[in-house]
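Letter by letter, the chains look like this.
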Amino acid sequence: MEKKKSFRARLAKNIQKNWILYVMMLPVVIYYIVFAYAPMYGVQLAFKNYKIKLGIMGSPWVGLDHFKRFFNSYNFSLLLKNTLGISIYSLLVGFPIPIIFALLLNYIKNRYLKKTVQMVSYAPYFISTVVICGMLTIFMNPDTGVFNTILKALGMEPLDFLSKPKWFKSIYVWSGVWQGMGWSSIIYISALSGVDYEMHEAAIVDGATKLQRILHIDLPSIKPTIIMMLILQLGSLMNVGFEKVFLLQNTLNKQAASVISTYVYEVGLINSDYGYSTAIGLFNSIINMLLLVGANWFCKKFADESLF
């Protein structure tokens, strides 16, 4: 009891002394309570046969039936394959390119050229997803699109890219790389600015090439930043962007464009099967959490080993 009283007294004294800091922290706490913790009340829908008239608490409990239904559904393997396929493709292509771009920018000596390239590379990030998808639809139009115009000029047959399932993943990933490459490189450019230039001067005196300086000075120096960003990306491996997939999806490419997020939308909002869609979303969140924990463990285990 005395320990509890002393703790409460210290806490009250600390609040009284630093009340401004607690007031500044209050909006963040309220935000997470309202938008992160309060909605968790609805997670129980994943274990109930939800009836609107009965409400969440009054709906009958079905346990893991929704999960079994999803795992046994005919399109479970297709959804998992497409979601992981797009995510892994995006990771393999989209993760190293901003690093390479930042390294190349770091070796541009002309300050005005460097600033111009940075500004041009940042611009696509501020274009909305709807506009990006509209641009892709126009550019890949089989009759008037710029890509098919080039193919015709080269004597090749025009292609309706967005109607071919085999092209969907590449269109999604490479358009994302174009849009986010410059913005994603900012953190690596900042990390490179903290590299001690005396190491570069010593390497230049020893006759090291730019490639050797990149491999033995720049990359080891920004390795903690790279590992941190890799953990964050691995932790969201199952979070394929709903908006872009949904806007590029059509009946012809749906075989390759059906992912878990679009399936949750179809089942939950279109078919009004709220319990089933909640179970699918919860499954997706659990997989993401496990991936984040696994990525964190892996990177901590091998953080002391040289990756380059």
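Just so it is clear, the model here is predicted, and its values are computed rather than measured.

## Side note on the pattern of salt bridges
Step number 1: Tallied over the full model, the rule gives 2 salt bridges.
Step number 2: Salt-bridge contacts for Arg-69 lead to Asp-273; the nearest nitrogen and oxygen are separated by 2.8 Å. You can see Arg-69 sitting in helix H4 (residues 65-72) and its partner Asp-273 sitting in the loop between helix H17 (260-270) and helix H18 (274-301), a full 204 residues away along the chain.
Step number 3: Residue Arg-69 is classed as partly exposed on the basis of its relative accessible area of 43%.
Step number 4: You can call Asp-273 partly exposed: its relative accessible area is 21%.
Step number 5: Note that Lys-254 is salt-bridged to Glu-266, the shortest N-O span being 3.4 Å. With Lys-254 in helix H16 (residues 254-257) and Glu-266 in helix H17, the pair connects residues that are 12 residues apart, well separated along the chain.

## What about the confidence of the model for the chain?
Step number 1: With 95% of its residues at a pLDDT of at least 70, the chain reaches an overall mean of 85.
Step number 2: Element-level mean pLDDT values for the chain span from 75 in helix H1 (residues 2-17) up to 92 in helix H6 (residues 96-106).

## Re the packing of helix H11 (residues 186-193) against helix H14 (residues 223-235)
Step number 1: As a packed pair, H11 and H14 sit with axes 10 Å apart at the nearest point and diverge in direction by 160 degrees. Classed by the angle they form, the pair H11 and H14 counts as roughly antiparallel. Crossing hand, H11 versus H14: right-handed. Contacts between H11 and H14 involve Ile-187, Tyr-188 and Ala-191 from the first element and Thr-225, Ile-226, Met-228 and Met-229 from the second.
Step number 2: Split into classes, the residues belonging to the contact of H11 with H14 amount to 6 nonpolar, 1 polar and no charged.

Scoring rules and cut-offs
Within any chain, residue numbers begin from 1 and follow the written order of that chain's sequence. This being a predicted model, a pLDDT of at least 70 is required before a residue's local features are given, and a value of 80 or more before pairs of side-chain atoms are given or counted; all residues contribute to the totals for chains, interfaces and linings. Side-chain numbers come from the whole structure's heavy atoms, not from hydrogens or water. Whenever a carboxyl oxygen of Asp or Glu lies within 4 Å of a side-chain nitrogen of Lys or Arg, that contact is scored as a salt bridge. Only runs of H or I of at least four residues qualify as helices and only runs of E of at least two qualify as strands under DSSP, and these elements are numbered from the N terminus. Summary of the burial criterion: residues with accessible area below 20% of their type's maximum are buried, those above 50% are exposed, and those between are partly exposed, where the area comes from a 1.4 Å probe applied to protein chains only. One confidence number per residue, pLDDT, is output by the predictor and ranges from 0 to 100. Interaxial angle, 0 to 180 degrees, is taken between N-to-C directions of lines fitted to C-alpha atoms, where a helix line uses only the stretch in contact. If an angle is under 35 degrees, it is roughly parallel; if it is over 145, roughly antiparallel; if it lies from 65 to 115, roughly perpendicular; otherwise it is oblique. By the definition used in this description, the sense in which the near helix is turned from the far one sets the handedness, with an anticlockwise turn below a right angle giving left-handed and a clockwise turn giving right-handed. Whether two residues are in contact is decided by their heavy atoms, any of which lying within 4.5 Å being enough. Residue polarity is assigned by list, with Asp, Glu, Lys and Arg as charged and Ala, Val, Leu, Ile, Met, Phe, Trp, Tyr, Cys and Pro as nonpolar; anything else, Gly included, falls into the polar class.

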